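Survey of secondary and tertiary structure
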Amino acid sequence: MNKTIHLSALALWAGLSLGLNAQAHVTLEQAEAKAGSTYKAVMRVGHGCEGSPTHTVTVRLPAGFRGAKPVPKAGWTLTVRKEKLAQPYDNHGRTVTEDPAEISWRAVGRESWLDDAWYDEFVVRGQLPEQAGPLWFKVVQTCEKGTAEWVQVPEAGTSTHGLKAPAALLKVLPAAAEAPHRH
């Protein structure tokens, strides 16, 4: 009987693993956050491209994600591309006229590549807009053989059902009204 249970469990695990791998894509660790808050976007990369290792991860930041600061990774070179803002903003008394628009992590050598069988996270912190709504983090994963472009966004709404390579969705929720200060 134990042999049957182990074989059934193994078959179930194998089926779930195949299903998860078929659906795998770059996701955010925390899929919801409050409007106006500081948010740590942890992009989870769970595989390479068609079995080949990843050497570059590039994140296109959504409009309204301000003051982005990436977390460096040992063995990876960090590049930040900035763009001029259509609408400058104030940050602690300083007018900000350009902001990060794209962050790239590139492995400095083959020994730092992210193998297809491995998992890793790429992190950037920033300020969320004051308005609730969806923010899409578009991620391009470049591998030894090929590229996976996780950049698709639905035409309407936030359902990624039917998209082959969806961008990572952050649902920005309305900020809660502050409770009155009591003594």
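In this convention, every chain numbers its residues from 1, walking through the sequence in written order. Totals for whole chains, interfaces and linings use all residues, but because this is a predicted model, local features are given only for residues with pLDDT of at least 70 and pairs of side-chain atoms are given and counted only at 80 or more. Side-chain numbers here rest on the full set of heavy atoms in the structure, without hydrogens or water.

Now for the packing of aromatic side chains. Here is the rule: rings of Phe, Tyr and Trp (six-membered ring for Trp) pair when centre to centre is within 6.5 Å. Planes less than 30 degrees apart are stacked, more than 60 are edge-to-face, and the remainder are tilted. Enumeration over the complete set of coordinates arrives at three aromatic pairs. Judged by centre distance (5.4 Å) and plane angle (75 degrees), the ring pair of tryptophan 76 and phenylalanine 122 falls under edge-to-face. Of the two residues, tryptophan 76 is situated in strand E6 (residues 76-91) and phenylalanine 122 in strand E8 (residues 120-127); the sequence distance between them amounts to 46 residues. In this structure an aromatic cluster arises from ring pairing among Trp76, Trp105 and Phe122. Sitting over the face of the ring of phenylalanine 122, lysine 73 holds its NZ or CZ atom 4.8 Å from the ring centroid. Secondary structure elements follow DSSP: runs of H or I no shorter than four residues count as helices, runs of E no shorter than two count as strands, and numbering proceeds from the N terminus. We call a charge positioned over a ring when the NZ of a Lys or the CZ of an Arg lies within 6 Å of the ring centre and within 35 degrees of the ring normal.

Turning next to the nonpolar core. Here, nonpolar core refers to any group of buried Ala, Val, Leu, Ile, Met, Phe, Trp, Tyr and Cys residues whose side-chain atoms link them within 4.5 Å. Think of it in three bands: residues with accessible area under 20% of the maximum for their type are buried, residues over 50% are exposed, and the middle band is partly exposed, with areas taken using a 1.4 Å probe on protein chains only. Membership of the largest hydrophobic core comes to 33 residues, with the highest contact counts inside it found for Tyr39, Met43, Phe137 and Leu170. Any two residues having at least one pair of non-hydrogen atoms within 4.5 Å are treated as being in contact. Contact partners of leucine 170, with chain neighbours within four places excluded, come to Leu28, Gln30, Ala31, Glu32, Ala33, Tyr39, Leu128, Gly133, Pro134, Leu135 and Phe137.

Before going further, it helps to spend a moment on the state of the cysteines. Here, two cysteine sulfur atoms that lie within 2.5 Å of each other are counted as a disulfide. All chains considered together, the criterion is met by one disulfide. There is a disulfide in this structure between cysteine 49 and cysteine 143, and the S-S distance comes to 2.0 Å. Torsion about the S-S bond of the cysteine 49 and cysteine 143 cystine: about 60 degrees, corresponding to right-handed handedness. Note that cysteine 49 is positioned in the loop between strand E3 (38-45) and strand E4 (54-60) and cysteine 143 in strand E9 (residues 133-143), a separation of 94 residues in sequence. As far as burial versus exposure is concerned, cysteine 49 and cysteine 143 are alike and both buried.

Relative to the assigned elements, alanine 86 resides in strand E6. For the pair formed by alanine 86 and threonine 97, sequence separation is 11 residues and the distance between their alpha carbons is 8.1 Å.

The subject of this paragraph is the pattern of salt bridges. Salt bridge, as used here, is a side-chain nitrogen of Lys or Arg placed within 4 Å of a carboxyl oxygen of Asp or Glu. Tallied over the entire structure, the rule returns five salt bridges. For the salt bridge of glutamate 102 with arginine 60, the shortest nitrogen-to-oxygen distance reads 3.9 Å. Here glutamate 102, found in strand E7 (residues 94-107), pairs with arginine 60, found in strand E4; they are 42 residues apart in sequence, far enough to count as distant. Relative accessible area serves as the criterion here: at 34%, arginine 60 is assigned to the partly exposed category. For arginine 110, the salt bridge identified is with glutamate 144, shortest N-O distance 2.9 Å. Separated by 34 residues along the polypeptide, arginine 110 in the loop between E7 and E8 and glutamate 144 in the loop between E9 and strand E10 (147-150) bring together distant segments of the chain. When salt bridges that share partners are traced, they join Arg60, Arg81, Glu83 and Glu102 into one network.

Only one face of E10 is buried, namely the one carrying Ala148 and Trp150, since none of Thr147 and Glu149 on the opposite face is buried. At least two bridges found by DSSP between two strands are what make those strands a pair. Summarising the sheet, E9 and E10 pair through four bridges and their orientation is antiparallel. Its bridge partner lying in E10, valine 139 is registered against tryptophan 150. As consecutive antiparallel partners, E9 and E10 are separated by three residues, and within that stretch glycine 146 has a phi angle of approximately 100 degrees, a positive value.

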